[in-house]
Amino acid sequence: MQTKKCERPTKKNGVDSRIAASWGVAPDGERITFRFRPQRVFYEGTTRDRHGLGLLAAEPSPEGEGGYSRASRDDPGMDRTLLGILTAFAVALLTVGLTFSRTVDAPADFRFVNETELQTLDPHVMTGHPEARIAEAVFEGLTRYDAKTHHPAPGVAASWVVAPDGKRITFHLRPNAYWTNGRRVIAADFVYSWKRLLDPALGSEYAYIIFPVRYAEALSTYDGHATALRTTIAPRALALAHDHANGMDAPSWQRFLAANDVNDALSPALGNDADLRDLLARRAGTVTGAELRRFAAAIGPAADRLRKSAAEARAHFGVDAGVFAPDDDTFVVDLKAPTPYFLDITSFNPTFPVPKELTEDPRHHDDWFLPENIISNGPYRLKRWLVNDHIRLERNELYWGKSEVHNRTVDAFPIENETTSLNLYLAGEVDWLPAQHYPSDLVDELRQRPDFYRHAGLIVYFYRFNTTRPPFNDKRVREALNLAVDRQVIVDDVLRLGQIPASTIVPPGLAGYEPPVSSIHLDVQKARSLLAEAGFPGGKGFPDSGILYNTNEAHKKIAEVVADQLNRNLGIKVNAYNQEWQSFLATCRNLDFDIARGSWVGDYPDPNTFLDMWVTNGGNNDTGFSSASYDRLIRAAADVGSFLDAPESVLADLDDAGPVREAMVRVAQASNGPDRLRALAALRMRLFREAESILVNDEFPVMPIYFYVLGGLANPNLRGFYPMLQFEDGTTAPNLQDIHPLRDIWVDRSGGAPR
Amino acid sequence: MNRRGRIVLGSLLVALVVGLALALGVREGLAVAFGLALISSTAWLGPTTARIVGAVFGAAIAFGVTRAAEGALPGVLVAVAFAFVAFKWLPVRVLRRIAFLVPSLVLLIFTTTILMYRAPGSPFAQEKAATPDVEAALRARYGVPKSAISFFEIYMRRLVVEGTLGPAIKVRGRTVEQLLAPALPVSLSLGLLALVIAAALGLLLGMRAGLKPNSFSDHASMGLATIGISLPSFVIGAAMMIVFALKLGWLPVAGWSGYRHIVMPAVTLALPYAAYIARLARSGTIEVMQQDFIRTARAKGLSERVIVLRHALPGAILPVVSFLGPAAAGIMTGSFVIETLFDVPGVGQWFVKGAINRDYSVVLGTAILYAALVTFFNLLVDLAYAWLDPRVRGQL
């Protein structure tokens, strides 16, 4: 066998001195046979041929042999190099043709741009708007959103009864609701599905949505809390009490609580232990050694209480309390307290039923919702799901209301690029471009189009202050900054779609809720004097600060305008800077910012979804803001019944408790039944109003900027599509939640009058 | 190597190890340095060892790929067949590449994992915070522990024992190979077509320019090439979309459901490459036309056509061929911009989305795919070189 060395050309003269390529010795040893390689001359490293020796070899030989001969014939035919290139091209094109062959469907009856690819089609796990659109088409809950009014309309439940005390809802299921495999949808399906939603192993981020149901929170979280208390928090608390036998300062105490997620785990087990509650909320002064020891000692019993509650919840939830199914046709929901928005939640995808036969099958644990596996119960079947390409839905012929479904087929295109989306719509290849999915620079031109629609949205855009970092830990500074920003300029010059400047957190338009009178408005004089009071007259001595936003052109414009206004109005130096989304989230969670952009989409039409996030150490608080009286008000609103039993601790916090007392009197005066429920709901809203007032009149942990207006483009022949909801009494309201059920939308292709 | 060389090399290696340890942590840094040493050592494998190692590694890859597609038994058969064929007939150079590829992939996975975990965020981070319980449940379910090293262990175990690239997290219910499998043919066909357009256009323009340097046609085609390189594809693509789809209505705006859909993305994808190839072909042609053998060919009285096509062409396209290797790997793994602009369901988006979403398994899957393609196309380039350039042929 020839060796590497044999092959290597020597440097001398560029001619290979080892001419024999291989040799063999005859068996008798008398003859050695050298086999010569074909005559070949090697170059030195360069392409220049100074010695003229490379001339022969530089000639590309047709057969790879020394052949100067063929080249000397003046052959007019194609050379092998050109032939090779053309062959390669032909082979490539053939391959393209072969791989690019696919069945092409006729266009669907209704086609729309669905923003992004779905993360999942498991209704219990999904979190986004595009997912919810498809889930509402493929599954159906107890109720569904009426397209015209968003009131709960009969879904799987044909009817329901709310008990006089507002704490029990009994759903009567229709006999003709079927899964796509032909099995009837029965009450036990909902019991199973809601238990699945609450199962911590599923990891649903929307499990909390049914926490108003009795035992739901205990079932979902108490075991996890108890484990956390026992295994990590208890030993660390003991160590803390040991290391700080003489007490510690409140900020370090709070850092300990936050680092170990103590509040999450411990607060459900506190009950009426007011001392411990106050200890957990202590932000100033010191914590004594005795208190620390008491805290450490309280953890074990608290964990035991949680375990007991969890066991109790397991024994009852789905059996005879919380939710349960007395028979196939009846599904009963017990609520902890009257929850006026609960019938909105039963139209919302986390409460949809899922097919037990699939989700419990270990082979389909993770992929049960793919088209080849799925069993569903909604107006459409999932026919095809090509990732990043399209989703094809087909009318479900087993659906009880199929006569109300006009489309035989629907295509959803996951197109993130806004220019492409708009072009598809303009070319007539899609019928609907949902909210805000066009290039925002074109808003002025698009607004002129007759097929452009817009309506207010249940979304607030705001800036968070880091209330743990000087100077933003001073509420006068936070108020000053709030008063120094002209939101009208942002709305008129940057956003240009008629957005509403925000002076509160909760967007307007929620039925029954009247936002508090807010002190937030442009008042540069007052802002300057507040800043001076806080020790920064004329902005002197105010440290350079930053407004953090996630990388996005619109956020950038707003941040720059705000920074500029603060600079001009208060004389302080604020810079806008950006981070990519994941880094941005981590920075916000770690409170490593001065001011950070945020926005919040309401999950359901109720102030609670905007207000309960600001409680002490709330998972989405991200400001470090903590107010004991705020926490008490939110707790009171969540369970008005308990509040009425012991109202004084809450009322004592209020500057003017008059309106709340009035609302309480009305509850007391109301007769049992609907009147009392209404009075309770009004009291609840009043409590929310007092809570929000703390945010916008007293503490200012955030700077509200504007409330969203959502704009989109829709084919004028679209039917069953309501940017403005239309009620029976002739009134209208904006489609705040931007819900457009695919069940009811269709395109009138008969060329009828425009919508 | 002389003494001074050894000292320089040694201190460079020490600096490398220390640098890696500082950047990645001591354990990780040492592991990476060890991996680098291992990979470099494949260059010194003797021919027989290279044959054996290459055949074994190649068989392992063949087994993994076939098992994922067809099952275990066909996997074993294909692996055995491959090992036999490879050992018997494949050139050492090819086997050496394979022997190099496998440890490189392991090191690639390791380093990528460490770097991914260095980036802030996680696949489960959302604007609405998940509670610690929920996050722990999700981490357990998708095999994404909090430490990079344990993720690497889980990933390698999945890859070697179960033969899967792991579950995608942001597109649930599918494994990474199930995501990439339908996307790869899309990117391949789009990329191949673009490559053909780029090569044809680039060679024509470039050689024409190179044959008459500083003429009008030279300046014109090089001007075009400069524009092609500097104009970003989202501008060219959007302009084409407006003209051919919206104004003229000849082609569909976007999507991927018929032959008409491939035209605009392929042309958009091809143009910058065509421009680059044109410049390479031009310089290659100018260089080769000054060679003595061309003069000789002229002296023999050959026609200009024969001189250019037969004698100049092979030399002129050499720089283009060496560019085409990495370019083909790049073009066939898709382009994020073009795929989102024309709504093409190709592989390119996953490179970007995987990273943005911190979808670790997707990031690794695309990295492995890209590495495999780069290796493959570089091998093809080597073979093409041997075919075109007699100086290289003997070394194969």
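Here the structure is a predicted model, which means the values were calculated and not measured. (Residues numbered from 1 in each chain as written. Chains lettered and ligands numbered in written order. Predicted model: local features only at pLDDT ≥ 70, side-chain atom pairs only at ≥ 80, totals over all residues. Heavy atoms only, no water.)

Peer 1: Describe in detail the overall build of chain A, supporting the description with residues and values.
Peer 2: When you go through chain A residue by residue, the secondary structure sums to 26 helices and 25 strands. The 755 residues of chain A split such that 54% are buried. Residue pairs at least 24 apart in sequence account for 69% of intrachain contacts in chain A once pairs closer than 6 positions are excluded. Of the roughly 32500 Å² of accessible surface on chain A, a fraction of 53% belongs to carbon and sulfur atoms. (Helix = DSSP H or I, 4+ residues; strand = E, 2+ residues; numbered from the N terminus. Buried < 20%, exposed > 50% of the residue type's maximum accessible area, 1.4 Å probe, protein only. Contact = heavy atoms within 4.5 Å. Areas by Shrake-Rupley, 256 points an atom, 1.4 Å probe, with all protein chains shown as cover.)

Peer 1: Give me helix H5 (residues 129-138) of chain A: which residues, what numbers.
Peer 2: Residue and element names in this part refer to chain A. Counting buried residues in H5 gives nine out of 10 residues, a clear majority hidden from the surface. For H5, every residue scored as buried is listed here: Pro130, Glu131, Ala132, Arg133, Ile134, Ala135, Glu136, Ala137 and Val138. At its buried positions, H5 is contacted by strand E3 (110-113), strand E4 (143-145), strand E12 (380-386), strand E13 (390-395), strand E14 (409-413) and strand E15 (432-433).

Peer 1: Lay out unusual backbone geometry with the relevant residues and their values.
Peer 2: Residue and element names in this part refer to chain A. A cis amide bond links Pro470 with the next residue in sequence, Pro471, at an omega value of 0°. On the secondary structure map, Pro471 appears in the loop between strand E16 (452-465) and helix H16 (475-483). The phi angle at Arg496 is positive, at roughly 60°, despite the residue not being glycine. With respect to the helices, strands and loops of the structure, Arg496 is situated in the loop between helix H17 (487-495) and strand E17 (500-501). With a phi close to 50°, Phe700 is a non-glycine residue in the positive phi region. Position of Phe700 relative to the elements: it lies in the loop between helix H26 (674-699) and strand E21 (702-714).

Peer 1: Explain the sheet that holds strand E11 (residues 330-334) of chain A residue by residue, including any values.
Peer 2: Residue and element names in this part refer to chain A. A sheet is described by the order of its strands in space; here four strands give the open sequence E6-E7-E11-E10, paired in antiparallel fashion. Two strands in the sheet have a free side with no partner beyond their single neighbour: strand E6 (157-162) and strand E10 (323-327). Looking at each pair of strands side by side, their axes are set apart by 20° on average, direction ignored. With five bridges connecting them, E6 and strand E7 (residues 168-173) associate as antiparallel partners. Within E7, the residue paired with Trp160 across the bridge is Phe171. (Pairing = 2+ DSSP bridges. Axes fitted to C-alpha atoms, helices over the stretch in contact; angles between N-to-C directions.)

Peer 1: Tell me about the packing of helix H22 (residues 628-638) of chain A against H26(A), and name the residues and values.
Peer 2: Residue and element names in this part refer to chain A. Where H22 contacts H26, the axes come no closer than 9 Å and their chain directions differ by 160°. Looking at the two axes, H22 sits roughly antiparallel to H26. Where H22 crosses over H26, the handedness of that crossing is left-handed. Two secondary-structure elements touch here, H22 through Ser629, Tyr630, Leu633, Ile634, Ala636 and Ala637 and H26 through Arg684, Leu687, Phe688, Glu690, Ala691, Glu692, Ile694 and Leu695. Partitioning the contact of H22 with H26 into residue classes produces 10 nonpolar, one polar and three charged. (Parallel < 35°, antiparallel > 145°, perpendicular 65-115°, else oblique. Left-handed = near helix turned anticlockwise from the far one by under 90°. Nonpolar A, V, L, I, M, F, W, Y, C, P; charged D, E, K, R; others polar.)

Peer 1: Can you tell me about the environment of Asp366(A), naming the residues and giving the values?
Peer 2: Note that Asp366(A) resides in the loop between helix H13 (356-359) and E12. Exposure remark for Asp366(A): the relative accessible area of 36% places this residue in the partly exposed category. Once the C-alpha coordinates of Asp366(A) and Thr120(A) are considered, the two residues, 246 residues apart in sequence, prove to be 9.7 Å apart. Here Arg141(B) takes part through its side chain, which lies 2.9 Å from a polar atom of the side chain of Asp366(A). (Polar contact = N/O pair within 3.5 Å; in protein donor to acceptor, adjacent residues only side chain to side chain.)

Peer 1: A description of the nonpolar core should follow, citing residues and the corresponding values.
Peer 2: Counting 224 residues, the largest nonpolar core has Trp194(A), Val213(A), Trp253(A), Phe295(A), Phe331(A), Leu393(A) and Trp432(A) as its most contacted members. Element by element, the count of residues in this core is highest for helix H8 (residues 176-211) of chain B, at 15 residues. Not counting chain neighbours up to four residues away, the residues in contact with Trp253(A) comprise Leu240(A), Met248(A), Leu279(A), Leu280(A), Arg282(A), Val287(A), Leu292(A) and Phe295(A). By size, the runner-up hydrophobic cluster in this structure holds 46 residues, among which are Leu654(A), Ala670(A), Phe688(A) and Ala691(A). (Core = buried A, V, L, I, M, F, W, Y, C linked by side-chain atoms within 4.5 Å.)

Peer 1: If you had to explain helix H10 (residues 233-247) of chain B to someone new, which residues and values would you point to?
Peer 2: All names here are of chain B. Between its first and last C-alpha, H10 extends 20 Å over 15 residues, near the 21 Å set by a 1.5 Å rise per residue. When the local axis directions of H10 are compared, the greatest deviation, roughly 25°, occurs at Met241. Residues of H10 that are buried: Ser233, Ile236, Gly237, Met240, Met241 and Ala245. Remark: Gly249 follows H10 within two positions and exhibits a positive phi of approximately 70°. (Expected span 1.5 Å × (residues − 1). Bend = angle between axes of the 7 residues up to and from the residue.)

Peer 1: Which residues make up the pattern of salt bridges, and what values go with them?
Peer 2: Residues and elements named next belong to chain A. Counting across every chain of the model gives 47 salt bridges over all chains. Taking the shortest distance from any N to any O, the salt bridge between Arg184 and Asp329 comes out at 2.8 Å. Of this pair, Arg184 sits in the loop between E7 and helix H6 (187-198) while Asp329 sits in the loop between E10 and E11, and the two are 145 residues apart along the sequence. Among the salt bridges present, the one from Asp304 reaches Arg230, with a minimum N-O distance of 2.7 Å. Here Arg230 lies in helix H7 (residues 216-243) and Asp304 lies in helix H11 (residues 289-316), a separation of 74 residues in the sequence. Arg230 sits in the partly exposed class, given a relative accessible area of 42%. Beyond isolated ion pairs, a larger network of salt bridges with shared partners links Arg183, Asp189 and Glu357. (Salt bridge = Lys/Arg side-chain N within 4 Å of Asp/Glu carboxyl O.)

Peer 1: Explain the confidence of the model for chain A to me, and be specific about the residues and the numbers.
Peer 2: Residues and elements named next belong to chain A. Averaged over every residue, the pLDDT of chain A is 86; the share at 70 or more is 88%. Confidence drops under pLDDT 50 across residues 1-19; counting only partners more than four residues distant or on other chains, this segment forms 26 contacts. Across residues 38-77, confidence stays below pLDDT 50; counting only partners more than four residues off in sequence or on other chains, it has 60 contacts. (pLDDT = per-residue confidence, 0-100.)

Peer 1: Describe a nonpolar patch on the surface, listing the residues and the values that go with them.
Peer 2: Residues Leu426(A), Ile242(B), Val243(B), Leu246(B), Leu248(B) and Trp250(B) make up a contiguous nonpolar surface patch of about 520 Å² in total accessible area. Looking at which element gives the most residues to the nonpolar patch, the answer is H10(B), with three residues. Structurally, the position occupied by Leu246(B) is in helix H10. Judged by its relative accessible area of 31%, Leu246(B) falls in the partly exposed class. (Patch = residues over 30% accessible without salt bridge, like charges linked within 9 Å, V, L, I, M, F, W, Y side chains within 5 Å.)

Peer 1: Mind laying out the packing of H8(B) against helix H16 (residues 360-388) of chain B, listing which residues take part and the relevant values?
Peer 2: All names here are of chain B. In contact at an axis separation of 10 Å, H8 and H16 are set at 45° when each is read in the N-to-C sense. Relative to H16, H8 is oriented oblique. For the crossing formed where H8 meets H16, the hand is right-handed. Here Val176, Leu179, Leu180 and Leu184 of H8 lie close against H16, whose contacting residues are Ser361, Val362, Gly365, Thr366 and Leu369. Class assignment of the residues belonging to the contact of H8 with H16 gives a composition of six nonpolar, three polar and no charged.

Peer 1: Tell me about the side chain of His124(A), residues and numbers included.
Peer 2: Residue and element names in this part refer to chain A. Relative to the helices and strands, His124 resides in the loop between E3 and H5. Of the polar contacts made by the side chain of His124, one reaches the side chain of Arg196; its length is 3.0 Å. If we skip the residues at most four places from it in the chain, His124 touches Ser193, Arg196, Leu197, Leu202, Ser204, Asn349, Pro350, Phe352 and Val354.

Peer 1: Tell me about the packing of aromatic side chains, and please be specific about residues and values.
Peer 2: Each aromatic ring pair is described using two quantities: the centre-to-centre distance and the angle formed by the ring planes. Residue and element names in this part refer to chain A. Here the structure, examined in full by the defined rule, presents 42 aromatic pairs over all chains. Here Tyr206 and Phe348 contribute two aromatic rings whose centre-to-centre distance is 5.6 Å and whose plane-to-plane angle is 90°, an arrangement assigned as edge-to-face. Linking Tyr206 in the loop between H6 and H7 with Phe348 in the loop between helix H12 (342-345) and H13, this pair joins segments that are 142 residues apart in sequence. For Tyr206, a relative accessible area of 6% translates into the label buried. Between the aromatic rings of Phe256 and Phe295, the centroid separation amounts to 6.5 Å while the plane-to-plane angle is 85°, which identifies the pairing as edge-to-face. Here Phe295 lies in helix H11 and Phe256 lies in helix H8 (residues 250-259), a separation of 39 residues in the sequence. (Phe/Tyr/Trp six-rings, centres within 6.5 Å; stacked < 30°, edge-to-face > 60°.)

Peer 1: Break down the pairing of E12(A) for me, citing the residues and quoting the values.
Peer 2: The two faces of a sheet get side chains in turn, since along a regular strand they alternate between them. All names here are of chain A. Two strands pair when backbone bridges link them, and E12 and E13 are joined in this way by six bridges, in the antiparallel orientation. The residue of E13 that forms the bridge with Arg381 is Glu394. Counting the residues in the hairpin turn of E12 and E13 gives three residues, including Asn388, whose phi is positive at 65°.

Peer 1: Please provide a residue-by-residue account of the confidence of the model for chain B, values included.
Peer 2: A residue-level look at chain B finds 97% of positions with pLDDT of 70 or above and a mean pLDDT of 86. Overall fold confidence (pTM) sits at 0.83, and the ipTM for the predicted complex is 0.84.

Peer 1: Account for the side chain of Thr164(B), with residues named and values stated.
Peer 2: Residues and elements named next belong to chain B. By secondary structure assignment, the location of Thr164 is in the loop between helix H7 (148-162) and H8. In this structure the side chain of Thr164 is engaged in a polar contact, spanning 2.8 Å, whose partner is the side chain of Glu177. Sequence-distant contacts of Thr164, defined by excluding residues within four places in its chain, comprise Arg158, Leu159, Thr175 and Glu177.

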